[in-house]
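# Working through the structure, step by step
These are the residues of each chain, in order.
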Amino acid sequence: MDGTKSALPKRLDRCDAALLAAFVLVAVLGTWQSCLMVIDGAVFLIAAWMGDAWDLFFNQVAGRTVSAFVQFGPAWALRALFEPSPTLFMIAGHAFYFAGPLVLWLILRAVEPERIYSRLYLAIVLVLIYFISEMLAGIGLWMIWLAVLADPARSRRARVLATVLITPAIVFTHPAVAVLSLTFALVGSALILCKRPFPHHLAVAAAAMGLLLVAAYVVTTSALAPSNPTVAAQHSAAQYDYIDPVWMLATLGLFPMLAVLWLLMLAPGLEGAAMRWRLSPVATMAAGAIGLWFAFNGTNSLT
């Protein structure tokens, strides 16, 4: 993870262009098919259309307020300022939703010391964008913070300032970002023990961030509980699932595609960490084929 911004190419290379083209295709198809009108997306868009989005964004899902505003805040503002037709509002709502991760991607490209950060983020976005996942805003902000800390050209003051400014926003995105940060720290520590190239300060910073986010989530769930009885009941039953590693591992059995995605992410990770053991190309292709099979069957079940 060493490198300098001066060494970064100013134009998109083939990898960046391919990821961006895939994202644009996904955004166009998602807007055309009104993908947000499935489960949670419909609730957020209706709230934005009816004008009570603040009650939903803050009073009912306080721990994910920042994510909700990134994804659906612009549509709410459009409705309040211009009173568009329902058709135009639906199109704009989808366009704004897909624009949110793209803005975070552009910021990440501007601050990262090397392109691995923005490429990884866009790849994650392509997987999660149809699931109305608040993790997208959380992961984006977390990776921006990590990229700032990873840049050796940045001063200590700049790193502290970035931490102070970004951490409060991450707190109100998604609780699973805490597990992401702690997992990053654990894997990084393991690589350091194996004498692999991994910056020590990033492992320490990620561990501290993860613990801070867990503590903040415990506080916010107690202090900012939802007032709607239905939301409160659901929240009470599952409020700690996303910081429970046992529950999260159990989801791999419920959603096998997650295990496939982890395996596909492991292949370039082993390469980047210069590990002796690597996934063979055959294993990677097999994992991709399994992933396509699950994706195809998931699509059929929705149609």
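All values derive from a computational prediction rather than experimental measurement.

Here the focus is the overall build of the protein. For the protein, the helix and strand inventory stands at 14 helices and zero strands. Ordered by position from the N terminus, the helices and strands of the protein form the series α-α-α-α-α-α-α-α-α-α-α-α-α-α. Across the 303 residues that make up the protein, the buried fraction comes to 38%. Expressed as a percentage of contacts within the protein between residues at least 6 apart in sequence, the contacts between residues at least 24 apart total 70%.

Right, let's talk about helix 7 (residues 135-150) for a bit. When the terminal C-alpha atoms of helix 7 are compared, their 21 Å separation across 16 residues agrees well with the 22 Å that a helix rising 1.5 Å per residue should span. Within helix 7, 16 of the 16 residues are buried, which leaves it mostly tucked inside the rest of the structure.

Its place among the elements puts Ala48 in helix 2 (residues 40-50). When the C-alpha positions of Ala48 and Ala77 are compared, they lie 8.1 Å apart, and in sequence the two are 29 residues distant.

Between helix 7 and helix 10 (residues 200-223), the least distance of the axes is 10 Å, while the angle of their chain directions is 145 degrees. Remark: the crossing between helix 7 and helix 10 carries right-handed chirality. The residues of helix 10 that touch helix 7, namely those facing Trp142, Trp145, Leu146, Leu149 and Ala150, are His201, Leu202, Ala205, Ala206 and Met209.

Summed over the entire model, instances satisfying the criterion amount to 10 aromatic pairs. Taken together, a centroid distance of 5.3 Å and an interplanar angle of 75 degrees make the contact between Tyr97 and Phe98 edge-to-face. By the burial criterion, Tyr97 is buried, and Phe98 matches it. With a centroid separation of 6.4 Å and an interplanar angle of 75 degrees, the aromatic rings of Phe98 and Tyr130 are classed as edge-to-face. Placement of the pair is Phe98 in helix 5 (residues 86-111) and Tyr130 in the loop between helix 6 (116-128) and helix 7, with a sequence separation of 32 residues. On the basis of relative accessible area, Tyr130 is assigned to the partly exposed category, the value being 36%.

A separate point is the packing of helix 2 against helix 4 (residues 65-82). The N-to-C vectors of helix 2 and helix 4 enclose an angle of 35 degrees; their axes lie 8 Å apart at closest approach. Judged by the twist between their axes, the crossing of helix 2 over helix 4 is right-handed. Only Ala68, Phe72, Ala75, Trp76 and Arg79 of helix 4 make contact with helix 2, whose side of the interface consists of Gly41, Phe44, Leu45, Ala48 and Trp49.

All right, on to the confidence of the model for the protein then. The predicted coordinates ought not to be read in detail in places where the model reports low pLDDT. Mean pLDDT over the protein: 81, with 75% of residues reaching 70 or higher. No element of the protein has a lower mean pLDDT than helix 11 (residues 229-238), at 62, and none a higher one than helix 7, at 95. Low pLDDT, under 50, characterises residues 1-7; the predicted model gives this stretch 18 contacts beyond four residues in sequence or across chains. In the predicted structure, residues 299-303 sits below a pLDDT of 50 and forms zero contacts with residues beyond four places in sequence or in another chain.

Mapping Ser67 onto the fold places it in helix 4. Ser67 sits in the buried class, given a relative accessible area of 0%. Of the polar contacts made by the side chain of Ser67, one reaches the backbone oxygen of Glu134; its length is 2.9 Å. Those residues in contact with Ser67, other than ones at most four positions away along the chain, are Glu134, Ala137, Gly138, Phe172 and Thr173.

Here Gln71 shows up in helix 4. For Gln71, a relative accessible area of 5% puts it in the buried group. With residues up to four places along the chain from it excluded, the contact list for Gln71 reads Phe96, Tyr97, Ile132, Ser133 and Glu134.

Basis of the calculations
Residues numbered from 1 in each chain as written. Predicted model: local features only at pLDDT ≥ 70, side-chain atom pairs only at ≥ 80, totals over all residues. Heavy atoms only, no water. Helix = DSSP H or I, 4+ residues; strand = E, 2+ residues; numbered from the N terminus. Buried < 20%, exposed > 50% of the residue type's maximum accessible area, 1.4 Å probe, protein only. Contact = heavy atoms within 4.5 Å. Expected span 1.5 Å × (residues − 1). Axes fitted to C-alpha atoms, helices over the stretch in contact; angles between N-to-C directions. Left-handed = near helix turned anticlockwise from the far one by under 90°. Phe/Tyr/Trp six-rings, centres within 6.5 Å; stacked < 30°, edge-to-face > 60°. pLDDT = per-residue confidence, 0-100. Polar contact = N/O pair within 3.5 Å; in protein donor to acceptor, adjacent residues only side chain to side chain.

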